[in-house]
Amino acid sequence: MPQYNCAKCPGYCCSYPVIPLTKGDVERLAKHFGLNFEAARKKFTKKDGGEAYAMRRKADKYFGRVCRFFDTEERRCTIYTARPKTCREYPGGRCGYYDFLAAERWHQEDPEFIALTDNM
């Protein structure tokens, strides 16, 4: 089975309910935006469950909520060079969106099937 090209993805991994951040991630965001740690923590993170820091999210017409740094028109990351560790390591094994497409392609009996519209 061929590898899935992330450039064709609508941002599935950016829609996870919790995007955990490390202290180093917050420091990287602070540096990227010219802020101190505390200002970046307040502006970009929230407390969520057991995570020390979690990315704030925003509305998205496809997934409901996505990472606050996800461009919902272009469907891409706007802070790619400063992205969190979890994003740098993704998928770390299997990509859920790729698995979804593989299942749809199998069900449609069409190896080229992609469940996206052209206007995305």
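Residues numbered from 1 in each chain as written. Predicted model: local features only at pLDDT ≥ 70, side-chain atom pairs only at ≥ 80, totals over all residues. Heavy atoms only, no water.

Thoughts on the confidence of the model for the protein
Selection criterion: Values of pLDDT, ranging from 0 to 100, describe the predictor's confidence in every residue of the model. Helix and strand assignments come from DSSP, with helices taken as H or I runs of at least 4 residues and strands as E runs of at least 2, each series counted from the N terminus. In this analysis, two residues are considered to be in contact whenever any of their non-hydrogen atoms come within 4.5 Å of each other.
Chain-level pLDDT for the protein is 83 on average; 82% of the residues reach the 70-or-more range. The least confident element of the protein, judged by mean pLDDT, is helix H4 (residues 96-108) at 74; the most confident is helix H1 (residues 23-33) at 97. Counted against residues more than four places away or in other chains, residues 116-120, with its pLDDT under 50, gives seven contacts.

Topic: the pattern of salt bridges
Our working rule: Every case where a carboxyl oxygen of Asp or Glu lies within 4 Å of a side-chain nitrogen of Lys or Arg is listed as a salt bridge. Only protein chains enter the calculation, and the probe is 1.4 Å; a residue is then buried if its accessible area is under 20% of its type maximum, exposed if over 50%, and partly exposed in between.
Tallied over the entire structure, the rule returns four salt bridges. Arg 41 serves as the salt-bridge partner of Glu 38, at 2.3 Å between the closest nitrogen and oxygen. Taken together, the positions of Glu 38 and Arg 41, both in helix H2 (residues 37-44) and three residues apart, correspond to about one turn of that helix. On the basis of relative accessible area, Glu 38 is assigned to the partly exposed category, the value being 36%. The salt bridge involving Glu 89 is made with Lys 85; its shortest N-O contact spans 4.0 Å. You can see Glu 89 and its partner Lys 85 sitting in helix H3 (residues 85-89), four residues apart, about one turn around the helix. Residue Lys 85 is classed as partly exposed on the basis of its relative accessible area of 42%.

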